[in-house]
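Fold and geometry: a report
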Amino acid sequence: MKLVIGHLYPELMGIYGDRGNVLALARRAAWHGHEVEVRHLARGERPHLASVDVLVLGGGQDKEQVVVCEDLQGPLGGELRAAIEDGLVVLSICGGYQLLGHYYQPHRGDKLPGLSVFDAYTVAGPERFIGNVVISSPLLPEGAQTVVGFENHSGLTYLGPGVQPLGTVLKGKGNNGRDATEGAVYKNCFGTYLHGPVLPKNPRLVDHLLARALERRYGSAPLNPLDDRLEVAAHQAAVRLPR
Ligand code: GLN
């Protein structure tokens, strides 16, 4: 089976190695015996989203977010929203995650409107949350529920009733440092503050995203058992890191 992985705004949104998420998806999909095509979808392009199976949108600083926000106010924004409604698998990180909510209000400058995929809004806070994070995610299958990563953001994200958090914070700050939520999930669209990059540190999460994409496209999700001893050891080492 063939999977197309789209990397949206690779030149703008890829802070702290978020590109590694694309590599992890592509590599594990291939190890599972699938054909993979990676498409770099730069600003100004009109990607054919119906042929994309997993879309990755990384994090970026406020400066890049302004540029991306403007682009998403064009036709691509509506197309992306419709594709997500149709079940497109999306992984959005930090600055990208913020732009999928209703808006992001930076410290300086105008409020940046988001796509309102997530019933959530983000406001720049007085403190920067920097450090290792561990969350527990009941939405993910057993064995994949502990997710580890690294956060670095000042935006405080608050979820409304129309969206579920990705998980509960066990270590770190997460969405806003107050309500113990981290990230957001709407249909097959995932948002999280976790860099790391997050996917190489969480091989089970990679497989979960691949399975959802395969099921959506082909109606079944055959994944080979892989020798994950190294990946699991790295994940467990990350769980034990101090904040
Ligand atoms: N500008 C955002 C914040 O600091 C996003 C930063 C990021 O993507 N790391 O909240």
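Structure: above.
Residues numbered from 1 in each chain as written. Predicted model: local features only at pLDDT ≥ 70, side-chain atom pairs only at ≥ 80, totals over all residues. Heavy atoms only, no water.

Close to the ligand lie 16 residues; Asp-62, Gln-65, Cys-94, Gly-95 and Gly-155 are nearest. In this structure, a nitrogen atom belonging to the ligand sits 2.4 Å away from a side-chain N or O atom of Asp-62. The separation between an oxygen atom of the ligand and a polar side-chain atom of Gln-98 is 3.0 Å. Contact with the protein chains hides 98% of the accessible area of the ligand, taken as 300 Å² for the molecule alone. Because more than half of its atoms lie within 2 Å of the grid, the ligand is assigned to the largest pocket. If you tally residues by element for the shell around the ligand, the top one is strand S8 (residues 146–159), at four residues. Its residues placed into classes, the shell around the ligand shows four nonpolar, ten polar and two charged. (Near = heavy atom within 4 Å. Polar contact = N/O pair within 3.5 Å; in protein donor to acceptor, adjacent residues only side chain to side chain. Areas by Shrake-Rupley, 256 points an atom, 1.4 Å probe, with all protein chains shown as cover. 1 Å grid on protein atoms, 1.4 Å probe; cavity = no way out; pocket = protein on both sides within 12 Å on 5 of 7 lines; lining within 4 Å. Sits in = over half its atoms within 2 Å of the grid points. Helix = DSSP H or I, 4+ residues; strand = E, 2+ residues; numbered from the N terminus. Nonpolar A, V, L, I, M, F, W, Y, C, P; charged D, E, K, R; others polar.)

Bridging between strand S5 (residues 103–105) and strand S7 (residues 120–136) involves three bridges; their strand directions are parallel. Bridging from a neighbouring strand, Tyr-103 pairs with Tyr-121 of S7. Looking at chain direction, S7 and S8 are connected through 13 bridges and run antiparallel. Across the sheet, residue Val-133 finds its bridge partner in S8, namely Gly-149. In terms of strand pairing, S7 meets strand S9 (residues 167–171) through three bridges, oriented antiparallel. Directly across from Ser-136, in S9, lies its bridge partner Thr-168. (Pairing = 2+ DSSP bridges.)

Looking now at unusual backbone geometry. In this structure, the amide linkage connecting Gly-196 to the following residue, Pro-197, adopts the cis form with an omega of -10 degrees. Here Pro-197 shows up in the loop between strand S12 (189–192) and helix H5 (198–201). The residue Tyr-9 is not glycine, and still its phi comes out positive at about 50 degrees. Mapped onto the secondary structure, Tyr-9 falls in the loop between strand S1 (2–8) and helix H1 (20–31). Residue Tyr-9 is classed as buried on the basis of its relative accessible area, which comes to 0%. We note that Tyr-16 has phi near 55 degrees; this positive angle belongs to a residue other than glycine. (Buried < 20%, exposed > 50% of the residue type's maximum accessible area, 1.4 Å probe, protein only.)

The mixed open sheet is built from six strands, whose spatial order is S2-S1-S3-S4-S12-S11. A single partner strand is all that each edge strand has here, and the edge strands are strand S2 (35–41) and strand S11 (184–186). Here the average twist between neighbouring strands, direction ignored, is 15 degrees. Across four bridges, the pairing between strand S4 (residues 89–93) and S12 is parallel. Each residue of the ladder has a partner; that of Ser-92, found in S12, is Gly-191. (Axes fitted to C-alpha atoms, helices over the stretch in contact; angles between N-to-C directions.)

Of the voids in this model, the largest pocket is the one considered here, and its volume is about 230 Å³. Together, 18 residues line the largest pocket, and Gly-60, Gln-61, Asp-62, Arg-128 and Asn-152 are the ones closest to its centre. Residue assignment for the lining of the largest pocket shows that the elements contributing at least two residues are helix H2 (62–72), helix H4 (95–98) and S8. Looking at the lining of the largest pocket element by element, the count peaks at four residues for S8. (Points joined across faces, edges and corners; volume = space filled by probe spheres on them.)

Before going further, it helps to spend a moment on the pattern of salt bridges. By the definition in use, this model includes eleven salt bridges. Across the salt bridge formed by Arg-46 and Glu-79, the nearest N and O atoms sit 2.4 Å from each other. Here Arg-46, found in the loop between S2 and strand S3 (54–57), pairs with Glu-79, found in helix H3 (residues 75–85); they are 33 residues apart in sequence, far enough to count as distant. Classification of Arg-46 by relative accessible area gives exposed; the value is 53%. Residue classification places Glu-79 among the partly exposed residues on the basis of a relative accessible area of 28%. (Salt bridge = Lys/Arg side-chain N within 4 Å of Asp/Glu carboxyl O.)

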